[in-house]
Amino acid sequence: MRNKDLGAGRHNHVSRLSAALRRRLVSEEETIAAVLARHPYRAAEKFISEVFWRSYWKGWLESRPTLWPAYLHAVAQANARLATDQSLRQRHAMACAGQTGIDCFDAWVRELEATGYLHNWARMQFASIWVFTLDLPWELGASFTMKRFVDSDPASNTLSWRWVAGLHTAGKAYLSDAALIAAMTQGRFAPQGLSTLAVIGPDTLSVPRPLPPRQPAKPDPSMPSLLVLSIEDLSPETVPQLHGLPIHSIAFLPGATAADQVVLKDALARAQDRWPKAKCHGALSPANLAEAAKDCAQIVTAFVPVGLVADGFGPLRQAALAQGLPLKEYLRDWDAQVWPHCQKGFFALKENIPALVAQRGLA
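The structure reproduced in this document is the subject of the present report. (Residues numbered from 1 in each chain as written. Predicted model: local features only at pLDDT ≥ 70, side-chain atom pairs only at ≥ 80, totals over all residues. Heavy atoms only, no water.)

## Here we look at the packing of helix 5 (residues 86-97) against helix 6 (residues 103-115)
Then, in step 1: It is at 8 Å that the axes of helix 5 and helix 6 come closest, and there the two elements cross at 60 degrees. Between helix 5 and helix 6, the crossing angle belongs to the class labelled oblique. Here Ala 95, Cys 96 and Ala 97 of helix 5 come into contact with helix 6, specifically with Phe 105, Val 109 and Glu 113.
Then, in step 2: Tallied by class, the residues present in the contact of helix 5 with helix 6 amount to five nonpolar, no polar and one charged. (Axes fitted to C-alpha atoms, helices over the stretch in contact; angles between N-to-C directions. Helix = DSSP H or I, 4+ residues; strand = E, 2+ residues; numbered from the N terminus. Parallel < 35°, antiparallel > 145°, perpendicular 65-115°, else oblique. Contact = heavy atoms within 4.5 Å. Nonpolar A, V, L, I, M, F, W, Y, C, P; charged D, E, K, R; others polar.)

## Re the pattern of salt bridges
Then, in step 1: For the structure shown, the criterion picks out 21 salt bridges.
Then, in step 2: Across the pair Arg 22 and Asp 153 runs a salt bridge whose closest N-O atoms are separated by 3.8 Å. Of the two residues, Arg 22 sits in helix 1 (residues 18-22) while Asp 153 sits in the loop between helix 8 (138-146) and helix 9 (154-164), which places them 131 residues apart along the sequence.
Then, in step 3: Accessibility expressed as a relative area gives 2% for Asp 153, which makes it buried.
Then, in step 4: Across the pair Lys 279 and Glu 291 runs a salt bridge whose closest N-O atoms are separated by 4.0 Å. On the criterion of sequence distance, the pair formed by Lys 279 in strand 3 (residues 279-283) and Glu 291 in helix 12 (residues 289-292) is long-range, its members being 12 residues apart.
Then, in step 5: Salt bridges here are not isolated pairs; linked through shared partners, they connect Arg 22, Arg 24, Glu 28, Arg 54, Lys 58, Asp 153, Glu 232 and Asp 335. (Salt bridge = Lys/Arg side-chain N within 4 Å of Asp/Glu carboxyl O. Buried < 20%, exposed > 50% of the residue type's maximum accessible area, 1.4 Å probe, protein only.)

## A word on the sheet that holds strand 3
Then, in step 1: Pairing in this open sheet of five strands is parallel, and the strands run 3-2-1-4-5 from one edge to the other. A single partner strand is all that each edge strand has here, and the edge strands are strand 3 and strand 5 (327-330). Direction aside, neighbouring strands of the sheet carry axes that sit 25 degrees apart on average.
Then, in step 2: Across four bridges, strand 1 (residues 225-229) lies against strand 4 (residues 298-302) in parallel orientation. If you follow Leu 226 over to strand 4, its bridge partner there is Ile 299.
Then, in step 3: Across the sheet, helix 11 (residues 258-274) touches strand 1, strand 2 (247-252) and strand 3, and the angle it forms with strand 2 is around 175 degrees. (Pairing = 2+ DSSP bridges.)

## Side note on the pairing of strand 5
Then, in step 1: Where burial is concerned, the two faces of strand 5 agree: the one with Leu 327 and Glu 329 and the one with Lys 328 and Tyr 330 are both buried.
Then, in step 2: Note that strand 4 and strand 5 share four bridges and pair parallel. Note on strand 5: the bridge partner recorded for Ala 302 is Tyr 330.
Then, in step 3: Viewed along the sheet, the connection from strand 4 through helix 13 (residues 308-322) into strand 5 turns out right-handed. (Right-handed = clockwise from strand over helix to strand, strands pointing away.)

So this is what it looks like as structure tokens:
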């Protein structure tokens, strides 16, 4: 039943954990452990595989860090085309407004705007219709959903759009089908005019050869530290590397959405419970860094993967460098063990999933 899209408020056959996993309010490891505590591995294999897809996209992009700025440049170029191409501008405007006349697509736009969420299967149909039926650049679609999904993740969002468009796995695109949409939505939709041919265009991004994922500078366990929370990992109290760390101050990087603000407040409260003697400084910026890091010898944060948070971290990193404060990152064991298997197609990771689950003591 996992591919049944029953509509907003009725997504009962999927976990709806994506927004929490994206911010690591719960971790991939914690989720899989909870599932395997109740179900044998063979019965839960598909669910576990879906959890690993998130890790796969993160690891794949970490191995190709230049792909993210190339994507941002491609989005800017696609937006520039809107100013000069009237047909493209009109199609794009109708798509964003949910006024294409394609019943399922328009309904999904309304659901996304109202809830910040779409069923994963619906996301695939949405992206396919955007690219192959509406003939719109995938980059504009990725930008559209990135700004609206409550579980927006730069790696999962960007690379999933490339996958649908036929650019991740050479020559393999995802083409939506009207009859299948009708069946999976229990007849709620009967889309007309869907493309029956997936024309894969040239890749706008230069995809480099994979490199080993970046190795961060690890926190010094003896140094008084400023702990900086970000939406990349909002459960620092669960990280063994931090348990003995002398944390004197706690701050956070401001989020971009209302959902971010809610979970940052929650994470800050949990961090204060874990380190009650630490002084809380709230939102951190280069302007108040010196005050927040007073009496601290290092800044500690979760590993900052490629994406929007890393882009925003730049000014803070420069300010820390100017003040002689080393910026240290803790990398979770899960990422350190999974990401090396994410440099090729998903199958290269999938065949290692049983061993990785056993290695983490989850089976």
